[in-house]
Amino acid sequence: MAEAEKVVIVGSGPAGWTAAIYAARANLDPLVFPGKAAGSDLLPGGQLMLTTDVENYPGFPDGVTGPDMMQLFMRQALRYGTRVVTTNGVKSKEELSGDTPLWSASFQNVESVDLGQQPFRVVGDAGFEIMAHAVIIATGAKANWIGLENEQRLAQSGGGVSACAVCDGALPLFRDKELAVVGGGDSAVEEATYLTKFASKVYLIHRRDQLRASKIMQDRALNNKKIEILWNKSVVDVLGDDVISGVRLKDTVSGDESELSLGGLFVAIGHTPITGFLKGQLDLDDAGYIKLADTYRSTTNVDGVFAAGDVSDHVYRQAITAAGMGCKAAIDAERWLAEKGID
Ligand code: NAP
């Protein structure tokens with residue numbers, strides 16, 4: 001078997017590529033498993049690939065699309081020597097064809113890891129194995145969706161359906177419109193409150209007659225004149241051709257259906273961290289997020305394994321915070337490798 005890699009990075013969102021940029025510039029020759037465009041939770045480029053306009057990432061005063069931004073992150077990581085795992089093996093910048101698009105490239109997913117002994121084993125598609133001294137996990141989380149065909153169609157086309165109010169709420173598309181947030185947890189209430197800055201009115205659509213959100217957040221929603229809570233309602237269809245025009249609601253008690261006109265729909269029904277491939281080898285919290293051993297760092301309960309981005313952060317979930325965590329993970333890995341005399 002080939003010599004163990006110094007650092008393998010799993011995931012290719014802002015956290016993964018930033019970790020790669022820092023690790024590459026520290027001469028650690030990082031190897032990235034970007035994930036797979038189809039048939040895997042680990043999407044190359046992460047959740048930003050499903051985001052149209054990013055207007056809050058510093059350095060892009062005119063905004064940038066999520067996929068363009070991730071392509072730039074990848075290009076920067078490759079420029080400094082990052083290699084990626086494709087279905088045709090490990091490839092460097094020179095071996096990839098041109099500016100390989102994240103979406104279409106045949107990148108590899110990670111199927112499993114063995115963190116039980118050093119060096120760690122990272123197993124990709126079709127049993128492709130890599131040994132690694134340090135592993136940075138930046139697999140992110142995926143937003144939960146209601147699961148409606150029209151919801152997905154309009155979310156992917158930038159047609160006014162989103163799973164992140166902080167990312168998309170300020171877009172011109174949503175200004176002075178009647179918007180709705182689906183969900184009854186802290187995220188839903190937080191997003192509804194945030195959206196009142198831009199919207200003429202915000203409906204909070206919840207499937208029960210009680211919010212799950214904490215008392216303080218509930219009070220915030222109940223006391224906001226721009227928020228109207230629609231109790232016992234579930235969204236059964238999203239209406240509109242190119243842009244959302246409304247939703248079809250079903251009363252969860254009576255079963256009655258009705259339509260609600262809307263200029264935007266925000267789904268805030270939780271996230272699922274992509275940690276299934278770890279199969280219990282790292283400490284996770286109750287919701288499945290990787291527990292950091294030290295809140296200010298990227299260390300985990302396994303020496304030599306670091307975590308960055310949404311996979312270990314259910315609070316901020318922003319591209320900029322994920323990138324910052326990726327930077328921390330690369331620096332932590334670099335110091336750890338130096339302490340072990342691996343260079
Ligand atoms: P959450 O607490 O799991 O709440 C999810 C909400 O979505 C619940 O109200 C749930 O309804 C609803 N839901 C789930 N699946 C649904 C479906 N298929 N259709 C319709 N509704 C559905 O998730 P979260 O709000 O994202 O919060 C996650 C964690 O982050 C929590 O611990 C939360 O406290 C924390 N958080 C904190 C803050 C803050 O303190 N500022 C902000 C955001 C998040 P039911 O209630 O009926 O189950």
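All values derive from a computational prediction rather than experimental measurement.

Colleague: If you had to explain the site of the ligand to someone new, which residues and values would you point to?
Modeller: Every one of the 14 residues lining the ligand counts as a neighbour, but Asp186, Ser187, Glu190, Arg208 and Arg212 are closest to it. One of the side-chain N or O atoms of Glu190 is found 2.9 Å from a nitrogen atom in the ligand. Taken by itself the ligand offers 920 Å² of open surface, and the protein chains cover 68% of this. Given that more than half its atoms are within 2 Å of the pocket grid, the ligand belongs to the second largest pocket. For the shell around the ligand, a count of residues per class yields 1 nonpolar, 7 polar and 6 charged.

Colleague: Describe unusual backbone geometry, and please don't skip the residues or the numbers.
Modeller: Residue Pro119 is reached from Gln118 by a cis peptide bond, and omega for that bond is -15°. Among the structural elements, Pro119 can be located in the loop between strand E7 (110-114) and strand E8 (120-124). At Asn232, a residue that is not glycine, the phi angle is positive and equals roughly 55°. Tracing the backbone shows Asn232 in the loop between strand E14 (227-230) and strand E15 (233-239). Despite not being glycine, Lys279 shows a phi value in the positive range, around 40°. When you line up the elements, Lys279 lands in the loop between strand E19 (271-273) and strand E20 (305-307).

Colleague: Before we move on, can you summarise helix H5 (residues 186-195) with the specific residues and values?
Modeller: Of all the positions in H5, only Ala188, Val189, Glu191, Ala192, Thr193 and Leu195 are classed as buried. Where H5 is buried, its residues contact helix H4 (165-168), strand E12 (178-182), strand E13 (201-205), helix H6 (215-222), E14 and strand E18 (264-267).

Colleague: Residue-level account of the domain arrangement of the chain, with values.
Modeller: Its domain assignment divides the chain into domain 1 (5-142 + 271-339) and domain 2 (145-267). Once you take the C-alpha centre of each, domain 1 and domain 2 turn out to be 31 Å apart. Contacts between the two partners involve 8 residues from domain 1, matched on the other side by 11 residues from domain 2. One can count 0 salt bridges joining domain 1 with domain 2. Our enumeration of links across domain 1 and domain 2 arrives at 0 residue pairs in polar contact (both at pLDDT 80 or more). Across the side of domain 1 that touches domain 2, the residue classes break down as 1 nonpolar, 4 polar and 3 charged.

Colleague: Residues and numbers for the side chain of Asp310, please.
Modeller: Examined against the element boundaries, Asp310 turns out to sit in the loop between E20 and helix H7 (319-339). We note that Asp310 is buried and unpaired, the nearest opposite charge coming from Arg317 at a distance of 5.6 Å. A polar contact is formed between the side chain of Asp310 and the side chain of Gln47, at a distance of 3.4 Å.

Colleague: Run through the sheet that holds E15, naming residues and quoting values.
Modeller: What holds strands together in a sheet is hydrogen bonding between their backbones, with the strands either parallel or antiparallel. A sheet is described by the order of its strands in space; here 3 strands give the open sequence E15-E16-E17, paired in antiparallel fashion. Looking at the sheet topology across the chains shown, the edges are occupied by E15 and strand E17 (257-261). Across this sheet, the average inter-strand angle for adjacent strands is 30°, counted without regard to direction. Note that E15 and strand E16 (residues 246-251) share 6 bridges and pair antiparallel. The partner of Ser234 across the bridge, within E16, is Lys250.

Calculation criteria
- Residues numbered from 1 in each chain as written.
- Predicted model: local features only at pLDDT ≥ 70, side-chain atom pairs only at ≥ 80, totals over all residues.
- Heavy atoms only, no water.
- Near = heavy atom within 4 Å.
- Polar contact = N/O pair within 3.5 Å; in protein donor to acceptor, adjacent residues only side chain to side chain.
- Areas by Shrake-Rupley, 256 points an atom, 1.4 Å probe, with all protein chains shown as cover.
- 1 Å grid on protein atoms, 1.4 Å probe; cavity = no way out; pocket = protein on both sides within 12 Å on 5 of 7 lines; lining within 4 Å.
- Sits in = over half its atoms within 2 Å of the grid points.
- Nonpolar A, V, L, I, M, F, W, Y, C, P; charged D, E, K, R; others polar.
- Helix = DSSP H or I, 4+ residues; strand = E, 2+ residues; numbered from the N terminus.
- Buried < 20%, exposed > 50% of the residue type's maximum accessible area, 1.4 Å probe, protein only.
- Contact = heavy atoms within 4.5 Å.
- Domains from an automatic or database assignment.
- Salt bridge = Lys/Arg side-chain N within 4 Å of Asp/Glu carboxyl O.
- Lys, Arg positive; Asp, Glu negative; His and termini not counted.
- Pairing = 2+ DSSP bridges.
- Axes fitted to C-alpha atoms, helices over the stretch in contact; angles between N-to-C directions.

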